[in-house]
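A look at the structure
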Amino acid sequence: MTLQLHTAAGTLPVSLVEAKLHLRVDGSDEDALITSLIGAAVLDAEQLMGRALMPQKWLLSLDAFPGSVCVPGQTIDLLRPPITAVDYIKYVSADDGTLTTLSPSVYQLAKASDYLARVALAYGQSWPSARSQLEAVQVLFSCGYADAASVPELIKAWIKLRVGSLFAHREQWTAGEKIERNEHVDYMLDRYRTWLL
């Protein structure tokens, strides 16, 4: 199983204006730096939580459909919640080796959980036969909150704190002392971490 970013988010959950207000920065001299720090903090938050913040697409590759020796169970688990849609499921046909798009009528998306979404067979359906090879099944899915206003405030608060820390300490080492993460601040993200499952 591999998971890779297919389409990155085009917007940030915390705006430059919000970050500058938090930092108490006037003027535009530091705008480029602050914008890059917001992007870094967002990626850091997503990594810590295993969660997508703004709309983006991920490609999950599997060696087979569920129920095989390679992929036990009956469902395909989609990580990086919140999951909003399955864009497609493609597979390498066992018959002729062509990459085939599976009809959406064959499967359904269960996305009620705040931590995990699953793709399961629709009633009366069965998975097709995929060729026995690496990454024979590809699932492209969309995830992330609808917009910045939908991102939980606790996550946005963490991002602003992280931007503040990065802005204040522009080097990893200051006067011979290593800048450490504040675990108590990182606990703010616990409610949204996917490792809770």
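The notes below deal with the structure included here. (Residues numbered from 1 in each chain as written. Predicted model: local features only at pLDDT ≥ 70, side-chain atom pairs only at ≥ 80, totals over all residues. Heavy atoms only, no water.)

**A few points about the pattern of salt bridges**
- One pass over the full model with this rule turns up seven salt bridges.
- When the shortest N-O distance is used, the salt bridge between Asp87 and Lys57 registers 2.7 Å. Here the residue Asp87 occupies a position in strand 4 (residues 83–92), and Lys57 occupies one in strand 2 (residues 56–62), the gap between them amounting to 30 residues.
- Here Glu153 ties to Lys156 by a salt bridge, and the two come within 3.3 Å at their closest N and O atoms. One end of the pair is Glu153 and the other is Lys156, both in helix 3 (residues 153–168) and three residues apart, which spans about a single turn.
- Lys156 sits in the buried class, given a relative accessible area of 6%.
- Within this structure, Arg51, Asp114 and Arg191 form a network of salt bridges that share partners. (Salt bridge = Lys/Arg side-chain N within 4 Å of Asp/Glu carboxyl O. Helix = DSSP H or I, 4+ residues; strand = E, 2+ residues; numbered from the N terminus. Buried < 20%, exposed > 50% of the residue type's maximum accessible area, 1.4 Å probe, protein only.)

**Observations regarding the sheet that holds strand 6 (residues 107–110)**
- Here three strands make up an open sheet; going across it, the order is 3-7-6 and the pairing antiparallel. Edge strands, defined here as strands with exactly one partner in the open sheet, are strand 3 (76–78) and strand 6. For this sheet, the mean inter-axis angle between neighbouring strands, taken without regard to orientation, is 25 degrees. (Pairing = 2+ DSSP bridges. Axes fitted to C-alpha atoms, helices over the stretch in contact; angles between N-to-C directions.)

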